[in-house]
Amino acid sequence: EHTLTITGIGNYKNSANHTWNIAKKALTIRPEDKSVTYGTSFDMYGATTLIYTGLVAADIKADGSIKEGVVVGGTVTEYLVKTGEDTTRPFEITDGIGRYIIRVSASNFTSANYEITYVDGVLEVTKRTIAIVTDSKTKIYGDNDPVFTWQMATDSLAMVNGDELTVVLARE
């Protein structure tokens, strides 16, 4: 609540008091979305960048970060929820492809000018690309086909997490 008092201006004599309320502006805080390739180590804890939506220009520094004191106090706890699961847990390198919710549990954050709400972010675990090459073979007309063989390409990502690859090669 703010009060504005106007008293005599120039050659005039009068006074008036006006009181008005300034409501808090909506501020949304969410973790930045992330993407990681299946089998790649990823430590999100303590590394999550928070995105603030709804700040007025006066509360933003030249580098785009939020000014000190705009949002104060609080702690941030980051955790994942696999889409369709109810449990929260750390990200594991063995987690399969799919979408995971990055949920930030923020407690005790306060702001004099903003009403704070929290929105989930997304961790997308994408497929791991591997490459195989078939070995060149020759045969003489009329002979049986040779045994076809393959190997991982030298520039391919390796298999991880005990996963095994079965390749069946056949001639058309």
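Everything discussed here concerns the structure shown above.
Okay, so let's go over this structure. None of these values were measured; they are calculated from a predicted model.

Points about the sheet that holds strand S5 (residues 50-53)
Pairing between sheet strands relies on hydrogen bonds along the backbone, with the strands arranged either parallel or antiparallel. Overall, mixed pairing links the three strands, which are arranged S5-S3-S8 in an open sheet. Edge positions in the sheet fall to S5 and strand S8 (114-118), since each has one partner strand and no second. Strand-to-strand twist across the sheet, computed as the mean angle between neighbouring axes with direction ignored, equals 25°. Relative to S8, strand S3 (residues 25-31) runs parallel, the two sharing five bridges. Across the sheet, the residue bridging to Thr28 is Thr117, located in S8.

Overview of the nonpolar core
Looking at soluble globular proteins, one finds that nonpolar side chains tend to be buried together. Membership of the largest hydrophobic core is limited to nine residues, which are Leu27, Ile29, Leu55, Ile66, Val70, Val71, Phe109, Tyr114 and Ile116. The set of elements that each furnish at least two residues to this core consists of S3 and S8. Residues in contact with Ile116, not counting those within four places in the same chain, are Leu27, Ile29, Val71, Phe109, Thr110 and Ser111.

Let's talk about a nonpolar patch on the surface
Nonpolar side chains collect at one region of the surface, where Ile130, Ile132, Leu157, Met159 and Leu165 lie side by side and expose about 350 Å² of accessible area between them. With respect to the helices and strands, the residue Leu157 is situated in the segment after strand S11 (150-152).

Side note on the environment of Gly96
Topologically, Gly96 is positioned in the loop between strand S6 (75-82) and strand S7 (98-107). Separated by 58 residues in the primary sequence, Gly96 and Tyr38 place their C-alpha atoms 6.5 Å from one another.

Let's talk about the side chain of Ser111
With respect to the helices, strands and loops of the structure, Ser111 is situated in the loop between S7 and S8. Within the structure, Ser111 has its side chain in polar contact with the backbone oxygen of Val70 (distance 2.8 Å). A distance of 3.4 Å separates the side chain of Ser111 from the backbone nitrogen of Asn113, its partner in a polar contact. Residue contacts for Ser111: discarding those within four places in its chain leaves Lys24, Val70, Val71 and Ile116.

A few points about the side chain of Asp59
Within the secondary structure layout, Asp59 lies in the loop between S5 and S6. A distance of 2.5 Å separates polar atoms of two side chains, one belonging to Asp59 and the other to Tyr114.

Details of the environment of Ile22
Within the fold, Ile22 resides in the loop between strand S2 (16-20) and S3. Its relative accessible area of 57% is what places Ile22 among the exposed residues. On a C-alpha basis, the gap between Ile22 and Asn113 in space is 8.7 Å, while along the polypeptide they are 91 residues apart.

Examining the pattern of salt bridges
Tallied over the full model, the rule gives six salt bridges. Linking Glu68 and Lys61 is a salt bridge whose minimum nitrogen-to-oxygen distance equals 3.9 Å. Linking Arg99 and Glu124 is a salt bridge whose minimum nitrogen-to-oxygen distance equals 3.1 Å. Of this pair, Arg99 sits in strand S7 while Glu124 sits in strand S9 (residues 121-126); the two residues are 25 residues apart in sequence, bridging distant segments of the chain. Connected through shared salt-bridge partners, Lys139, Asp145 and Arg171 make up one network.

Each value, and the rule that gives it
Residues numbered from 1 in each chain as written. Predicted model: local features only at pLDDT ≥ 70, side-chain atom pairs only at ≥ 80, totals over all residues. Heavy atoms only, no water. Pairing = 2+ DSSP bridges. Helix = DSSP H or I, 4+ residues; strand = E, 2+ residues; numbered from the N terminus. Axes fitted to C-alpha atoms, helices over the stretch in contact; angles between N-to-C directions. Core = buried A, V, L, I, M, F, W, Y, C linked by side-chain atoms within 4.5 Å. Buried < 20%, exposed > 50% of the residue type's maximum accessible area, 1.4 Å probe, protein only. Contact = heavy atoms within 4.5 Å. Patch = residues over 30% accessible without salt bridge, like charges linked within 9 Å, V, L, I, M, F, W, Y side chains within 5 Å. Areas by Shrake-Rupley, 256 points an atom, 1.4 Å probe, with all protein chains shown as cover. Salt bridge = Lys/Arg side-chain N within 4 Å of Asp/Glu carboxyl O. Polar contact = N/O pair within 3.5 Å; in protein donor to acceptor, adjacent residues only side chain to side chain.

That is the geometry; function is a separate question.
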